[in-house]
Amino acid sequence: GNLLDKIKSLCRKPPEMTFERTIKVEQIRNNWGYMFSDDDCRNSVLVRAITLFLAQKDLKFKKAVVSLTKVKEEYGYCDDNEDEDKDSRSEGGQLKKHFRVTRTVPDEQWMEVEPGVMYMRTSSEDENGEKSEKTTKKVITISIMAKSEARVDQFITDAYTWYLDELSKMQDNSRY
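Calculation notes
Residues numbered from 1 in each chain as written. Predicted model: local features only at pLDDT ≥ 70, side-chain atom pairs only at ≥ 80, totals over all residues. Heavy atoms only, no water. Patch = residues over 30% accessible without salt bridge, like charges linked within 9 Å, V, L, I, M, F, W, Y side chains within 5 Å. Areas by Shrake-Rupley, 256 points an atom, 1.4 Å probe, with all protein chains shown as cover. Salt bridge = Lys/Arg side-chain N within 4 Å of Asp/Glu carboxyl O. Helix = DSSP H or I, 4+ residues; strand = E, 2+ residues; numbered from the N terminus. Buried < 20%, exposed > 50% of the residue type's maximum accessible area, 1.4 Å probe, protein only. Arc of directions from axis to C-beta. Phe/Tyr/Trp six-rings, centres within 6.5 Å; stacked < 30°, edge-to-face > 60°. Pairing = 2+ DSSP bridges. Axes fitted to C-alpha atoms, helices over the stretch in contact; angles between N-to-C directions. Contact = heavy atoms within 4.5 Å. Expected span 1.5 Å × (residues − 1).

**Regarding a nonpolar patch on the surface**
There is a patch of nonpolar side chains on the surface, built from I28, W32, Y34 and F36 and spanning about 510 Å² of accessible area. Tracing the backbone shows Y34 in the loop between β1 (19–30) and β2 (35–37).

Have a look at this one:
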């Protein structure tokens, strides 16, 4: 089994990419559906930023994972302002306002997402406990590789900056 694992890991790494960054999100869901994660670490925002950033790039996929991704996390306040768009209070309006259809490469496959930048997402789930105390731990890891440290860090910064701009557009549009 050990030799097979080494061969698999070699096949998963793209050639000549020596600088790698990983972003990891661990979430625990209890049997009532409540989600808990490390409050000091907002990696879920960074994962969402990169996912939405890649979705707007219109990358070509032979196989893709399609998801309806929430644009921003809820922080316990209600967005109860007057919208000029009457449709925004309907379910369809809420979906249009707060979600985007995203397409990403299937888990555990490297893909070039920009010239010289490779991306891979992995996820795992484990269940613990019995019936009323059952929890599910989900771990999502995004890996980004490039030939230079500056290039891989710039990709992450570009994705996050783009995401912050999208959030500010949403906020600006909801004010008037």
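**Side note on the pattern of salt bridges**
As enumerated under the stated definition, the model contains eight salt bridges in all. The salt bridge partner of K57 is E114, with a shortest N-O separation of 2.9 Å. Here K57, found in the loop between α2 (43–55) and β3 (65–70), pairs with E114, found in strand β5 (residues 111–114); they are 57 residues apart in sequence, far enough to count as distant. The salt bridge involving K169 is made with E166; its shortest N-O contact spans 2.9 Å. Placement of both K169 and E166 in helix α4 (residues 149–175) is noted, with a separation of three residues, approximately one turn of the helix. With a relative accessible area of 45%, K169 lands in the partly exposed category.

**Side note on helix α3 (residues 91–98)**
Among all positions of α3, only G93, K97 and H98 are buried. Down the axis of α3, the buried set is contained in an arc of 110°. They therefore lie on one face. Looking at α3, the residues exposed on the side facing more than 90 degrees away from the buried face are E91 and K96.

**Structural notes on the packing of aromatic side chains**
Inspection of the entire model under this criterion finds two aromatic pairs. Here the aromatic rings of F53 and F155 are separated by 5.6 Å at their centres, their planes lie at 65°, and the arrangement is edge-to-face. On the criterion of sequence distance, the pair formed by F53 in helix α2 and F155 in helix α4 is long-range, its members being 102 residues apart. Assessed through its relative accessible area of 7%, F53 is described here as buried.

**Thoughts on the sheet that holds β1**
Spatial ordering of the open sheet is given by β2-β1-β7-β6-β5, a layout of five strands whose pairing is antiparallel. Whereas interior strands pair on both sides, the edge strands pair on one side only; in this sheet they are β2 and β5. Between one strand and the next, the sheet's axes are offset by a mean angle of 30°, whatever the strand orientation. Across three bridges, β1 lies against β2 in antiparallel orientation. From the neighbouring strand, R29 faces β2, where its bridge partner is M35. Against the sheet, α2 contacts β1, β5, β6 (117–128) and β7 (135–146), and its axis sits at roughly 115° relative to β1.

**Side note on α2**
An α-helix turns once every 3.6 residues. As a result, residues three or four positions apart point the same way. The end-to-end C-alpha distance of α2, which contains 13 residues, comes to 18 Å, matching closely the 18 Å that a straight helix rising 1.5 Å per residue would cover. Counting buried positions along α2 gives 11 out of 13 residues, so the element sits mostly inside the fold. Restricting attention to buried positions, one finds in α2 the residues S44, V45, L46, V47, R48, A49, I50, T51, L52, F53 and L54.

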